[in-house]
Amino acid sequence: MSANALDEHFMRRALDLAMQGWGRTHPNPMVGAVIVEDGTIVAEGFHAKDGGPHAERVALSLLGRKPKSGATMYVTLEPCSTHGRTGACTDAIIESGIKQVVFGATDPNKEHSGNAESVLRKAGIKVTSGILASECEDLNLIFNHWITKGEPLIAAKAAVTLDGRTATRSGDSKWITSSRARLDVHRWRRLFPAIAVGAGTVAKDNPSLTARLPGEEDWCPYRFVFDGRLRTVNDRAMPSLYTDDFREKTIVVTTQHGGLGYVRKLKSLGVQVWTCESENQRVSLKEFKKKCIENKITGVFFEGGSSLLSELVQCRHIDYLFHYVAPVFLADERAKPEFGGLRIDKIAQSIRLTHIKHEVLENDFLIRGNVQYPEKLQIDESSFSLE
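### Thoughts on the sheet that holds strand E2 (residues 40–46)
With mixed pairing, the five strands of this open sheet are ordered in space as E2-E1-E3-E4-E5. The open sheet terminates on both sides in strands that have one partner only, identified here as E2 and strand E5 (126–129). Each strand of the sheet is rotated relative to its neighbour by a mean of 20 degrees, with strand direction disregarded. Where strand E1 (residues 32–37) lies against E2, six bridges are found, and the strand directions are antiparallel. In the strand pairing of E2, Glu37 is matched with Thr40. Docked against the sheet, helix H2 (residues 55–63) engages E1, E2 and strand E3 (72–77), running at close to 130 degrees with respect to E2.

### A short note on the nonpolar core
Core analysis: the biggest nonpolar cluster contains 68 residues, and Ile35, Trp188, Phe192, Leu266, Phe322 and Tyr324 have the highest contact counts within it. With six residues, helix H1 (residues 3–18) is the single largest residue contributor to this core. Listed in part, the 30 residues of the second largest apolar core include Phe224, Cys276, Val283 and Leu308.

### As for the pairing of strand E10 (residues 250–254)
Where burial is concerned, most of E10 is hidden: five out of the five residues are buried. Burial along E10 is two-sided: Thr250, Val252 and Thr254 and Ile251 and Val253, pointing in opposite directions, are all buried. Pairing geometry for E10 and strand E11 (residues 272–275), over four bridges, is parallel. Counted as the bridge partner of Thr254 is Thr275 from E11.

### Regarding the packing of aromatic side chains
Using the criterion set out here, one finds 13 aromatic pairs in the structure. Summarising the aromatic geometry, the rings of Phe192 and Phe322 are spaced 6.2 Å apart at their centres and angled 80 degrees between planes, so their arrangement reads as edge-to-face. Of the two residues, Phe192 is situated in the loop between helix H7 (179–191) and strand E8 (194–198) and Phe322 in strand E13 (residues 320–325); the sequence distance between them amounts to 130 residues. We classify Phe322 as buried; its relative accessible area is 0%.

### Some remarks on the packing of H2 against helix H3 (residues 89–96)
At a minimum axis separation of 9 Å, H2 and H3 run at an interaxial angle of 30 degrees. Taken together, the axes of H2 and H3 lie roughly parallel to each other. The handedness of the crossing between H2 and H3 is left-handed. Seen from H2, the contacting residues are Glu56, Arg57 and Leu60; seen from H3, they are Cys89, Ala92, Ile93 and Ser96. Grouping the amino acids of the contact of H2 with H3 by side-chain chemistry returns four nonpolar, one polar and two charged.

### Some words on the packing of H3 against helix H4 (residues 115–122)
The contact between H3 and H4 brings their axes to 10 Å, and the two run at 20 degrees. One way to sum up the angle between H3 and H4 is to call them roughly parallel. By crossing handedness, the relation of H3 to H4 is classed as right-handed. Seen from H3, the contacting residues are Thr90, Ile93 and Ile94; seen from H4, they are Ala116, Val119 and Leu120. Considering only residue class, the contact of H3 with H4 consists of five nonpolar, one polar and no charged.

### Examining the sheet that holds strand E9 (residues 222–226)
Read across the open sheet, the nine strands follow the order E11-E10-E9-E8-E12-E6-E13-E16-E15; overall the sheet is mixed. The open sheet has two edge strands with one neighbour each: E11 and strand E15 (352–361). In this sheet, adjacent strand axes meet at a mean angle of 20 degrees when their direction is disregarded. Taken together, the six bridges between E13 and strand E16 (residues 364–372) define a ladder with antiparallel strand orientation. By the bridge assignment, Leu321 is partnered in E16 with Gly369. Of the strands in this sheet, strand E6 (153–160), strand E12 (299–302), E13 and E16 are in contact with helix H6 (residues 141–149), which crosses E6 at around 140 degrees.

What counts, and where the lines are drawn
- Residues numbered from 1 in each chain as written.
- Predicted model: local features only at pLDDT ≥ 70, side-chain atom pairs only at ≥ 80, totals over all residues.
- Heavy atoms only, no water.
- Pairing = 2+ DSSP bridges.
- Helix = DSSP H or I, 4+ residues; strand = E, 2+ residues; numbered from the N terminus.
- Axes fitted to C-alpha atoms, helices over the stretch in contact; angles between N-to-C directions.
- Contact = heavy atoms within 4.5 Å.
- Core = buried A, V, L, I, M, F, W, Y, C linked by side-chain atoms within 4.5 Å.
- Buried < 20%, exposed > 50% of the residue type's maximum accessible area, 1.4 Å probe, protein only.
- Phe/Tyr/Trp six-rings, centres within 6.5 Å; stacked < 30°, edge-to-face > 60°.
- Parallel < 35°, antiparallel > 145°, perpendicular 65-115°, else oblique.
- Left-handed = near helix turned anticlockwise from the far one by under 90°.
- Nonpolar A, V, L, I, M, F, W, Y, C, P; charged D, E, K, R; others polar.

Printed below as a string of C-alpha cells:
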C-alpha cells in the first residue's frame, strides 16, 4: 500500500470515529483521531460533546503511555492551537513526543487556520495536511458556516418527483420517496440542532419533527414553527408539537400580529415563543437569524412546505439544500412545486448548487450542496407568504 493510500486508510477510520459525535458536539465540530504505531492503530478518540476533551487528547489518554518512536497521529481537523476550556491540542501533541501528524481539513477560522501546522513544525514534528480534506470538511458543514459567517446554516430539505413536484394538486405527498430516503432525512435531523416548518405543514401533517433512527431513542432538536398569525393555536385540537413530551423544545416564531392571548396559551403549555417585529404578518428571517445567534443555534433544517421554502429562496436565505428525487413524475402543472415566486428569463440567472455531494438511496437520489445565488433575483407577482 502506498504512503498516500495508507494515510487515507487511517484517515477514514478517524472519520468514522468523528461521526460517533453526530449531532452531539454543537457548537463545536466533530473530530476523530487515531494513533498509529508500526502500521497498527493503538489508540483512538473522538470529540463527544461540547465542553468535553478533544479527540486528540482522548486518543492520547487512552493510549496510557508515551507513544513509540515513529508514531503518527491522524486527525480529521487541524489540531487547535489556542487555550480554550480544554487546552491547546498542539501542546498535548508536542508533550506526548509524537513526531508525525496527519490531518484532513484546515481550521476554517481564519484567525487559527494554519497555526497548528506552524506550531507543530517548529517543535520538530512532521506535518501532512489535506488528506481526504473534502470529506473532512463536509463532516462539519454546520460548524464551518457558523465559524466563518457568524450565523446559523439555513438548510432546506425537499422530496420531489422527477418533474419537481412535492405533492399532487390535492396535496397528497405520502410518500414520494422510499423508506430509505426518509430514514436518511432522520439522520440529518439528528445532525442539526434545530428543525423548522411552516404553519401550513403543521396544520396539514401534524408532524412530530423528531429524529427516529433504528436502535436509538427518539431525539428531539429545537422545533421551530413559523406562524406569523398563530393560526396553529387551536382550542379544539392542538398540534402534537405543542402537547407532546418534547413540547419545551418547540419554539413558535411569530410576529406582534399573532395575538397576546395565543402567546399566553402557548407559554402555559410550556412552548416557547419568539416574536419577530414585522410590518406585516410575515416572519422576518433576518430577525429570526439574530435570535438564533443570540441562542447559539448553529444550524436550522427547514422541511417546508413549498410556501416556506419559496419565501426562503426569494429572500436568499437558504444556504444549503438537500434535494431528494424519486423516480416518479406527475405531469400535472397544478401539482405543488418545490419552489416558486421567482421570474427567471435566462439560465444564467438560475440558482445553482456548489460543493455537490450525491448519494443513491434505494431507487431515490440525493443531491446536496451549497446554494449559490445570482446577483439579482426577480420576484414574480405571485409570491408566497412566510407564516
